[in-house]
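# Structural features, examined
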Amino acid sequence: MKKMIALAGIILLAVTLTLSAQSVEQVRFASMGDWVPGSGNWEVSGGRLLQTGLPAPLARIDRRTDQRGVYEIDFIIRYVDGGFYSEQELMNGEYHAGFGIQLGGTSPVLGGRSWGVGQSYLIWLNLDTRLSTLRNSPEHFGFRAQVYESRSNTSMNLLSGSAVEQQIGQPLASLDLFAALSEFGWSESDLIAYLDTPVRVNVRVNTNTGEVGVLDPTAPIRYFIQLDPRILRGDYLSLRTNNLSTSYANFTIRR
């Protein structure tokens, strides 16, 4: 009995120390604060951060954030407007929009427009149902979970190579979510309807090992990918959108 009590005490102490050691940074969008708007039209209203410019293909906002060790980013994103270039495309069901978060950023073009963000990774969700994309760039067609590797402010491409193929079974880091989720009975219309609700985004990053885990907003499942830990260590993170007006709230960083 004494041993059990002692063991329980040790476990309780370990949990307490773990909780007390965790640092939680909650970003209140009462003002722009540490966020530096780049391209796009960024503003703060009603306790939310909004990107309202359209089409704004390279909308980006940066925040100086030390990204070393293990940390977790958590926020709520909500669709506001956009995702199509004309009323005719909307009627035809031809959508094109995306959003994501850039990790490990170095030397971003603060206050300006750029394709990449120094050496970094972009975790990206892309919706593209245009027939022209299916013909010319099928790796982007549909609803895709993608990872881009940025080498500079002007050079960024889909992550590719044998290491990617070993992890996800194909050489490009571009997973067709429509195809994957259809196995669980989801349809394209289900997913598009889901995009019109507040969505929780949670990303766990280990810059020691290079492991990045993204939480599935529809189920308690986390999907992992192994990246270069040296590139994950950076000084800036960025929120990015393409042809999309969005709002953000409850932005939290846990360490």
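In this text, all values refer to a predicted model and were calculated from it rather than measured experimentally. (Residues numbered from 1 in each chain as written. Predicted model: local features only at pLDDT ≥ 70, side-chain atom pairs only at ≥ 80, totals over all residues. Heavy atoms only, no water.)

### What to know about the overall build of the protein
From N to C terminus, the protein includes seven helices and 16 strands. Each of the 255 residues in the protein was classed as buried or not, and the buried ones make up 44%. Summing over all exposed atoms, the protein offers an accessible surface of approximately 13200 Å²; the carbon and sulfur share of this is 57%. (Helix = DSSP H or I, 4+ residues; strand = E, 2+ residues; numbered from the N terminus. Buried < 20%, exposed > 50% of the residue type's maximum accessible area, 1.4 Å probe, protein only. Areas by Shrake-Rupley, 256 points an atom, 1.4 Å probe, with all protein chains shown as cover.)

### With respect to the pattern of salt bridges
When the charged atoms of two side chains with opposite charge come close together, those side chains can pair. Counted by the stated rule, this structure contains 11 salt bridges. Ionic pairing is found between Glu 72 and Arg 204, a salt bridge with its closest N-O pair at 3.0 Å. Of this pair, Glu 72 sits in strand β6 (residues 70–82) while Arg 204 is found in strand β12 (residues 199–206), placing the two residues 132 residues apart along the sequence. Counted as one network, the salt bridges with shared partners bring together Glu 25, Asp 34 and Arg 63. (Salt bridge = Lys/Arg side-chain N within 4 Å of Asp/Glu carboxyl O.)

### Regarding the pairing of strand β13 (residues 211–215)
Sheet topology places β12 next to β13; four bridges connect them, and they run antiparallel. Paired with Val 203 across the bridge in β13 is Val 214. Remark: four residues form the turn of the hairpin made by β12 and β13, two consecutive strands paired antiparallel; Gly 210 in that turn has positive phi of roughly 90°. Here β13 runs beside strand β14 (residues 222–226); their pairing, made up of five bridges, is antiparallel. Note on β14: the bridge partner recorded for Val 212 is Ile 225. Taking the residues that link successive antiparallel strands as the turn, the β13-β14 hairpin has six residues. (Pairing = 2+ DSSP bridges.)

### Thoughts on the nonpolar core
Counting 37 residues, the largest nonpolar core has Phe 75, Leu 103, Leu 239 and Phe 251 as its most contacted members. Looking at this core, the elements that each hand over two or more residues are β5 (59–67), β6, β7 (96–105), β8 (120–128), β12, α7 (229–232), β15 (234–242) and β16 (244–254). Residues Leu 122, Trp 124, Tyr 148 and Leu 158 belong to the second largest nonpolar core, which totals five residues. (Core = buried A, V, L, I, M, F, W, Y, C linked by side-chain atoms within 4.5 Å.)

### Re the packing of aromatic side chains
To describe a pair of aromatic rings, one takes the distance between the centres and the angle between the planes. Going through the model one piece at a time under the given rule, you end up with seven aromatic pairs. Among the aromatic residues, ring-to-ring pairing joins Phe 29, Trp 35, Trp 42, Phe 75, Tyr 248 and Phe 251 into one connected group. (Phe/Tyr/Trp six-rings, centres within 6.5 Å; stacked < 30°, edge-to-face > 60°.)

### Topic: the environment of Arg 151
Residue placement: Arg 151 occurs in the loop between β9 (142–150) and β10 (156–158). Considered as a pair, Arg 151 and Gly 116 are 35 residues apart in the sequence and their alpha carbons are 7.1 Å apart. Residues within four places of Arg 151 in sequence aside, it is in contact with Gly 118, Gln 119 and Asn 157. (Contact = heavy atoms within 4.5 Å.)

### So, the side chain of Thr 133
Tracing the sequence through the fold places Thr 133 in helix α3 (residues 131–136). Polar side-chain contacts of Thr 133 include one of 2.9 Å to the side chain of Asp 128. Discounting chain neighbours no more than four positions away, the residues touching Thr 133 are Asp 128, Pro 138, His 140 and Phe 141. (Polar contact = N/O pair within 3.5 Å; in protein donor to acceptor, adjacent residues only side chain to side chain.)

### Remarks on the environment of Ser 247
Assignment of secondary structure puts Ser 247 in strand β16. Judged by its relative accessible area of 4%, Ser 247 falls in the buried class. Sequence separation between Ser 247 and Val 80 is 167 residues; the distance between their C-alpha atoms is 6.8 Å. The contacts of Ser 247, once residues within four sequence positions are left out, are Arg 48, Leu 49, Leu 50, Ile 76, Ile 77, Arg 78 and Val 80. A polar side-chain atom of Ser 247 sits 3.0 Å from a polar atom in the side chain of Arg 48.

### Concerning the environment of Asp 176
As for its placement among the helices and strands, Asp 176 is situated in strand β11 (residues 174–176). As for Asp 176 and Ala 145, which are separated by 31 residues in sequence, their C-alpha atoms are 6.8 Å apart. Within the structure, Asp 176 has its side chain in polar contact with the backbone nitrogen of Phe 178 (distance 3.1 Å). A polar contact is formed between the side chain of Asp 176 and the backbone nitrogen of Ala 179, at a distance of 3.2 Å.

The quantities given are spatial measurements derived from coordinates; they are silent on function.
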